[in-house]
Each structure stands twice: as structure tokens, then as C-alpha cells.
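Structural features, examined
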Amino acid sequence: MYRKTQCAIFNSIKKTSKQQFLRNYSNYSGEINVGEEVMLAINSRKPVVALESTIITHGMPFPDNAKCALEVERIVRAQGAVPATIGILGGKVKVGLSEKEIERLAESKNAVKVSRRDFGHAISNKKDGGTTVAGTLIVAEKVNIPIFATGGIGGVHREAEATFDISADLVELGRNPTAVISSGVKSILDIPKTLEYLETQGVLVTSFGNSTQFPAFYSRLSGCSSPYSVKDAVEAANLLKSHLDMNLGSGLLIAVPIPEEYAINEEEIETAIKAALNDASEKGIKGKLITPFLLERIAVITRGRSLIANVALIKNNARVAADIAVQYNKLIY
Ligand code: PSU
Ligand code: MN
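As the structure is a computational prediction, the values presented were derived from the model and not from experiment. (Residues numbered from 1 in each chain as written. Chains lettered and ligands numbered in written order. Predicted model: local features only at pLDDT ≥ 70, side-chain atom pairs only at ≥ 80, totals over all residues.)

Overview of the overall build of the chain
Within the chain one finds 15 helices and 12 strands. In terms of overall dimensions, the chain has a C-alpha envelope of 55 × 45 × 35 Å along the principal axes. Sorting the 333 residues of the chain into buried and exposed places 51% on the buried side. Excluding contacts between residues fewer than 6 apart, the proportion of contacts in the chain whose partners are at least 24 apart in sequence is 77%. (Helix = DSSP H or I, 4+ residues; strand = E, 2+ residues; numbered from the N terminus. Buried ≥ 20, exposed ≤ 12 C-beta atoms within 10 Å, placed from the backbone. Contact = placed C-beta atoms within 7 Å.)

Here is the structure:
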């Protein structure tokens, strides 16, 4: 199903980014497999949207995770783009997982959560792995996919001044020239500090649609304004092109508020978050375990409402990302 694609991909890359692609690829000592559909899309210059897989392995329970991931792929296709779910299977990094492979990750009990520091471990031990936003950004950049949709990204944790817990997602957004379409960061995190950190990393943060506020994942408002805002996919594609043309090396964060009808009342979600944070500190949960732990606890405390919201917002983000990919393609080809 998969084959090595160095030459095929390289030949298909648009002229302007060939140099960059060569630089990235020659720095990569491993091996990335690209699925047929994604390969064909790149070869025929069709818009592609990258999708992460930690949301499958660590972000949602089975079978909601598999159902959601496949539905998200269907939405991307319906908008005229090709989905490229990225993950690790038996130690092989793959771009464009098949339905079967998505189901395998969804059912896996020992998949590794893979950020930059975890690739070597997952590959050498032939593990299955769900790539985080950070991990997915790294792979998407290597195969030159500039648009990536997800639900929420990691951020600066509350009390990070004591714990130093700042998600690698923010650092990778600063390192990879890719647009991440997400619903902002959860209020389990410190939103003002997250925005400060993104500024330091040179990430272009913009709200999408008719909001000027940076959204708080389960709710549309965070009380923090976004540095910029774009009203639609055409404006977003223009912004992306201008940013990438400058060759800055950093990425964009396009923040799309959760659809109104799925938003959770701020007080209700805050109560759930406080209880989940309490549980985490009582159990001494730290490091890479904390985000999955909090997501699961919040789902239990809200009796599944947070999960419904999560599914709704990622589907909406996938649609927006595919629209942006279609518009961006019109600008570059
Ligand atoms: N936030 C969510 N759902 C998720 C994640 C974050 O609402 O599934 C996942 C993403 O894959 C993100 C990762 O990249 O958690 C961040 O983990 P950490 O906070 O450990 O950096
Ligand atoms: Mn962390």
C-alpha cells in the first residue's frame, strides 16, 4: 500500500519550495511512508490537509475516536481536499493512514504519544504512535503539507512558572512554516501566557470568522483578543501565503471558535476543569500524561458533553482547513 517516495514526492513539489524540501528531507535520517491517495494528490497539485493522531490514541475514548477521525476525513474530502492523517504504525511514520490503520490506532492500548523527543523511541521499538500537534507539524513539514487541522493545541499550563510545563506544540509552531487550524486552547491552560509564548516564538495568531477573540476550545470567548483576525478562507489563504513567502520559518495558528450550538457554558466548564485539575494534582499526574488525563476526567465530569463539543469543533475545523487549502492552492498554482 505504501512505498518509499523520496523521488516521487521531490519531483512533485512546487518549484518555490523545492529547495526547502531538499533541505528538510536530507536532514531526515529515517523513512516516511506516504499513502497512495496523498501521493497522488501532491503529484496532481490537489489541496491536502494534514491531521494529527494523538487525538485518536490519547484524546478520545474508543469507538468515538475512530468514528470522529473517519468523519473528519470525509469532511475534508467533501470540501475538495485530500486528508492526510499522520501517525506511526509498528515504528513506521506514515502520512495518509488508511481506514484500517486509523482503526488500529483507535483500538491500540499501548500507542505512544509522539512529540519531537519521542520519535526515536517509537521508531526503534517498532511501536504504534499517535503524533501530537508538535509531532504532526514536524512530519507535515517534511512532506511539504502547509495546512493542518486539529481540535485544540497544547499550551502553557496554569502554574507553569512552578512546573515549567509548556507544550512542545508551541515551540514547533515557532519552528515549522505551517498553518494549524484549531479552536484555540482549553482553559485548563493559561491562555494569556500561551499567547505571550506564541508571540515570542514568532507564530502568527489570528481569529477566524466574525470573532476577534482568541477562543477557549469549549467556549467561543476567552477574554483575550487575538492579535489578528480574518473573516473567511480567502483572507486566511492570503495571510498564509504572505507569511510563508517571507520564509520566516515559523507557523500560523488560525483559531476557529467552536460552533455556537455546541459551546459549553463557561461556568460549567470551569467547574469541571477545576475538579479535573484537583484530581490530577492529588494523583501526582505530570508530563505527557496530564493532557490526556484532564481530557478524560472532564468528559466524565461533564457526562460526555465535552466529548460531543470536541467532536463538533474538530469537524468544523476540518471543514475550514479544507476551504483554506483549496483557496491557498488557487494562489500558488
Ligand atoms: N488538546 C485537546 N485534545 C487533544 C490534545 C490537546 O483538546 O487531543 C492533544 C494534541 O495532540 C496536542 C497534545 O498536541 O494533546 C498536547 O499535549 P501536551 O499538552 O502534553 O503537549
Ligand atoms: Mn506538557
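Still more ground to cover, so stick around.
Details of the nonpolar core
In terms of nonpolar packing, the biggest core is built from 101 residues, with Val48, Val49 and Ile324 touching the most fellow members. Among the elements that take part in this core, helix H15 (residues 305–332) stands out by supplying 11 residues, more than any other. Setting aside residues no more than four positions away along its own chain, Val49 makes contact with Val76, Ala81, Pro83, Ala84, Ile147, Phe148, Ala149, Ala318, Ala321, Ala322 and Ala325. (Core = buried A, V, L, I, M, F, W, Y, C linked by C-beta atoms within 7 Å.)

Details of helix H3 (residues 36–43)
When H3 is considered as a whole, its buried residues turn out to be Val38, Met39, Ala41 and Ile42. Taken around the axis of H3, the buried residues stretch over an arc of 160 degrees, which confines them to a single face. Immediately downstream of H3, the backbone of Arg45 shows phi near 55 degrees, a positive value. (Arc of directions from axis to C-beta.)

What about the site of ligand 1?
Lining the immediate environment of ligand 1, one finds 18 residues, of which Thr54, Gly59, Gly152, Gly154 and Ser167 sit closest. Elements represented by at least two residues in the shell around ligand 1 include exactly helix H4 (54–59), helix H8 (133–142), helix H10 (168–175) and helix H14 (290–301). At 3 residues, H4 tops the list of elements feeding residues into the shell around ligand 1. The residue inventory of the shell around ligand 1, partitioned by class, reads 6 nonpolar, 8 polar and 4 charged. (Near = placed C-beta within 6 Å. Nonpolar A, V, L, I, M, F, W, Y, C, P; charged D, E, K, R; others polar.)

A few points about H10
Within H10, 6 of the 8 residues are buried, leaving the element largely enclosed by the surrounding structure. Of the residues making up H10, those classed as buried are Ala168, Asp169, Leu170, Glu172, Leu173 and Arg175. Lining the buried residues of H10 we find H8, strand S9 (179–182), helix H11 (191–200) and strand S12 (252–255).

Re the environment of Thr291
Position of Thr291 relative to the elements: it lies in helix H14. Overall, Thr291 belongs to the buried group, with 26 C-beta atoms counted inside 10 Å. For Thr291 and Glu172, which are 119 residues apart along the polypeptide, the C-alpha to C-alpha distance reads 17 Å.

A closer look at the environment of Leu40
Turning to its location among the elements, Leu40 is positioned in helix H3. For Leu40, a count of 15 C-beta atoms within 10 Å translates into the label partly exposed.

Thoughts on unusual backbone geometry
In this structure, Pro63 follows Phe62 across a cis peptide bond, with omega equal to 5 degrees. Following the sequence through the fold, Pro63 ends up in the loop between H4 and helix H5 (64–78). Within the chain, Lys126 stands out as a residue other than glycine whose phi angle is a positive 55 degrees. Tracing the backbone shows Lys126 in the loop between helix H7 (119–124) and strand S7 (129–131). The class for Lys126 is exposed, based on 11 C-beta atoms found within 10 Å.

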